[in-house]
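Residues per chain are reported as follows:
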Amino acid sequence: MEPAVTSSFGGSSRLATLAQQLRMYKPPPSSSFDDAEDTQADQDSAGKVVSQVGFQESMTPVPKDPERFRPKRAAVLICIFEGDEGDLRVILTKRSSRLSTHSGEVSLPGGKAEEDDKDDGMTATREAEEEIGLDPSLVDVVTSLEPFLSKHLLRVIPVIGILRDKKTFKPKPNPAEVEAVFDAPLEMFLKDENRRSEEREWMGEKYLIHYFDYRTGDKDYTIWGLTAGILIRAASVTYERPPAFIEQCPKFKYPKMN
């Protein structure tokens, strides 16, 4: 490994190697909401509806009907750093209890795209700076995962960034949006430990919502729903292996449209 490369990650050869690995990652193709024309394949597939908690867009392509479904774009930052014990960790937040939606829930830093954002990486890092005081210059954006679809009709792009040196980051949570900032081991989202699931059914299709219980210090957190789904995918890509449990994603479908 080149010294100049490792030095940009606080001297960590593991983070430098991970950055190279993730830059090679290409998300699978998914439905495009920007195409002006429908293809015969789109008509044949007939599309699928959005789950209540969010799944990879490649698993839930939706009908290209602008009058019926036009999701807005958002991005979240999966900020990975190397812990004191050499493990890979991810920065998470607990949303303010004063927020009107998802109050008190655990989430990744992020939000809706703005017109001035040049790409999803800029959206994710801008929002992270606004929410937790994370300077974008401290993060090396290495790749984006496939889009997820949220129950609020947001097309959420998970952006993976590597925190070059965790010692340089001093969290400054915005009290209007964030109640707490903490970190968790990324690999926990591949393990069956401290995980539970709830089976739900929609339009005749059964699927699982995953809940991960995590304790740090004297605080207990539960990571679930869209955030858990994104982190399962991020951990699978990072560690290059599937989770030790069945995800059981849905296959929601509309009837074919004439």
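Just so it is clear, the structure is predicted and the values come from calculations on it, not from any experiment. (Residues numbered from 1 in each chain as written. Predicted model: local features only at pLDDT ≥ 70, side-chain atom pairs only at ≥ 80, totals over all residues. Heavy atoms only, no water.)

**As for the packing of aromatic side chains**
Within this structure, the stated rule accounts for five aromatic pairs. Each ring, one from Tyr 211 and one from Trp 224, has its centre 5.4 Å from the other, and the planes form 5°; the classification is stacked. Taken together, the residues Tyr 211 in strand β11 (residues 205–216) and Trp 224 in strand β12 (residues 219–224) connect sequence positions 13 residues apart. Take Trp 224: its relative accessible area is 26%, and that puts it in the partly exposed class. Taken together, the ring pairs in this structure connect Phe 182, Tyr 214 and Tyr 221 into an aromatic cluster. Here the guanidinium or amino end of Arg 195 rests over the ring plane of Phe 245, the centre of that ring lying 4.2 Å away. (Phe/Tyr/Trp six-rings, centres within 6.5 Å; stacked < 30°, edge-to-face > 60°. Helix = DSSP H or I, 4+ residues; strand = E, 2+ residues; numbered from the N terminus. Buried < 20%, exposed > 50% of the residue type's maximum accessible area, 1.4 Å probe, protein only. Lys NZ or Arg CZ within 6 Å of the ring centre and 35° of its normal.)

**Things to note about the nonpolar core**
In this structure, Ile 78, Leu 92, Phe 189, Ile 223 and Leu 231 are the most contacted members of the largest nonpolar core, which totals 43 residues. Listed by contribution, the elements that provide at least two residues to this core are α2 (13–23), β2 (72–82), β3 (88–95), β8 (154–163), β9 (178–185), β11, β12 and α5 (225–239). Take this core: its biggest share by element is eight residues, from α5. Among residues more than four places away in sequence, those in contact with Leu 92 are Val 106, Ser 107, Leu 108, Ala 180, Val 181, Phe 182, Ala 184, Ile 223, Thr 227 and Leu 231. Judged by nonpolar contacts, the second largest core, of 16 residues, contains Ile 132, Leu 134, Leu 163 and Phe 169. (Core = buried A, V, L, I, M, F, W, Y, C linked by side-chain atoms within 4.5 Å. Contact = heavy atoms within 4.5 Å.)

**A word on the pattern of salt bridges**
Per the counting criterion, the structure on display carries 16 salt bridges. Its salt-bridge partner being Arg 241, residue Glu 187 comes within 2.7 Å of it at the nearest N-O pair. Here Arg 241 lies in the segment after α5 and Glu 187 lies in the loop between β9 and β10 (195–202), a separation of 54 residues in the sequence. Overlapping salt bridges bring together Glu 114, Asp 117, Arg 126, Glu 127 and Glu 130 as one network. (Salt bridge = Lys/Arg side-chain N within 4 Å of Asp/Glu carboxyl O.)

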